[in-house]
Amino acid sequence: MVKRVDARSSRWVDHRAAVRADIVEAAFRAFDKNGPDAHMDDIAKEAGATKTKLYRHFNDKRDLHDAVARRVKDLLWEGVLGSINFESDSIDDILHTAVSQYAHLVDQHPNVFRYLMRSHFSDRSGGPDPALDDTQQLATLISDHFASALQSSGVSTKGIDMTVRSIVGAGLSATDWWIESQFSRSRALSLDDFIGQLSVIIWGIIDATSRSRNVEFRRHLPLDSSNVRVIDETRSSAEQPVIK
C-alpha cells in the first residue's frame, strides 16, 4: 500500500524551511550592519520578528550559528563549482578561481566570517564545527584531484588528510588576519593581493607535499596523471627546475 502524504504536514515543513532561510538571511544583514557581536535582538529586528519567533525555529544561538555556516557553504560551493572545470582548467586557474570565489565572499560579508571564526577559535566545546567542515570540504575537493593524479601514477597518497588540514588551518588563519588588517591603513592588504598570497600559500603546501613524494606538477597544465613528473633524485635541490 502506498503511504499517503499529509499535505498539511508537507506545507508546514516547507513553510518552516522558508522561515528559517529568511531568518538566516536576516542574520547576514544583522552581522553586516552591527558586526560579529550582533545579538539575537538585532537578528529579530532584521527579520521583522520577535525573539520568541526566532527560538521557535532555532533551538538556540548555536543552531542559528550552524545554519549561517551552512548558508556560507552553499554560497561558496555555488560559486566554485559553477566556475571550475577540473578536466580543462590549469592548476593555476583552479586555485585562483577557488580562492577568488572564497575571498570575494569574505569581502562581501566580513562580519559573518568574523562571527564564524570567533566561534571556531573560542566557543566550540569539542563538537563538530560546520564552518570548519565546510572549509575542509572545499580543500578536500581540490586535494582529492591531486590525490587521484598521484594514485594513477603509482605515487603514495598517505598523509593527504594532513595536507587538507594544513590548507584549512592556513586558510582560516590568513582570513582572520586579512579581515583584521582592514582596520589598519598601514597593514591593509587589497582583495587582489589577498587572493594572490593565499593562492601562493595553498600551492606551497600542495607542492611541498608532492615533492616529498619525489613528484611535481606543472601549474600551467590541467590537473591529471599526465601532469605528474617524477623528480630526478640524483639532482640537488638547487638544480631542480622551478615550476611556473
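For the structure itself, consult the block above.
Our subject in this report is the structure included herewith.

Topic: the overall build of the protein
Right, on to step 1. Helix and strand counts for the protein stand at nine helices and two strands.
Right, on to step 2. If you list the helices and strands of the protein from N to C, you get α-α-α-α-α-α-α-α-α-β-β.
Right, on to step 3. Taken over 244 residues, the protein has a buried fraction of 45%.
Right, on to step 4. Long-range pairs, those at least 24 residues apart, make up 67% of the contacts in the protein between residues at least 6 apart in sequence.

Topic: helix α8 (residues 160-181)
Right, on to step 1. Taking 1.5 Å per residue as the helical rise, α8 with its 22 residues ought to reach 32 Å, and the 31 Å between its terminal C-alpha atoms agrees with that figure.
Right, on to step 2. The set of residues buried in α8 consists of I160, T163, V164, I167, V168, G171, L172, A174, T175, W178, I179 and S181.

Quick notes on unusual backbone geometry
Right, on to step 1. One non-glycine residue, N214, lies in the positive phi region at around 65 degrees.
Right, on to step 2. Locating N214 in the fold gives a position in the loop between α9 (191-211) and β1 (215-217).
Right, on to step 3. The exposure class assigned to N214 is partly exposed, which follows from its relative accessible area of 30%.

A closer look at the packing of α8 against α9
Two numbers describe a pair of packed helices, the interaxial angle and the distance between the axes.
Right, on to step 1. It is the contact of α8 with α9, at a shortest axis distance of 10 Å, that shows an interaxial angle of 160 degrees. By the angle between their directions, the pair α8 and α9 is classed as roughly antiparallel. Viewed along their axes, α8 and α9 form a crossing whose handedness is right-handed. Residues I160, T163, S166, I167, A170, G171, A174, T175 and W178 of α8 touch α9, and the partners they reach there are L191, F194, L198, I201, I202, I205, I206 and T209.
Right, on to step 2. Among the residues forming the contact of α8 with α9, the class breakdown is twelve nonpolar, five polar and no charged.

As for the nonpolar core
Right, on to step 1. Among the nonpolar cores identified, the biggest contains 68 residues, and I43, L64, V68, F113, F146, I206 and F217 are the most heavily contacted of them.
Right, on to step 2. Broken down by element, the residue count for this core peaks at nine residues, all from helix α5 (residues 91-108).
Right, on to step 3. With residues near it in sequence (within four places) discarded, I43 still touches I23, A26, A27, A30, F31, L54 and L64.

Details of the packing of aromatic side chains
Right, on to step 1. For the structure on display, the rule yields five aromatic pairs.
Right, on to step 2. A network of ring pairs unites the aromatic residues F146, W203 and F217 as a single cluster.

What counts, and where the lines are drawn
- Residues numbered from 1 in each chain as written.
- Predicted model: local features only at pLDDT ≥ 70, side-chain atom pairs only at ≥ 80, totals over all residues.
- Heavy atoms only, no water.
- Helix = DSSP H or I, 4+ residues; strand = E, 2+ residues; numbered from the N terminus.
- Buried < 20%, exposed > 50% of the residue type's maximum accessible area, 1.4 Å probe, protein only.
- Contact = heavy atoms within 4.5 Å.
- Expected span 1.5 Å × (residues − 1).
- Axes fitted to C-alpha atoms, helices over the stretch in contact; angles between N-to-C directions.
- Parallel < 35°, antiparallel > 145°, perpendicular 65-115°, else oblique.
- Left-handed = near helix turned anticlockwise from the far one by under 90°.
- Nonpolar A, V, L, I, M, F, W, Y, C, P; charged D, E, K, R; others polar.
- Core = buried A, V, L, I, M, F, W, Y, C linked by side-chain atoms within 4.5 Å.
- Phe/Tyr/Trp six-rings, centres within 6.5 Å; stacked < 30°, edge-to-face > 60°.

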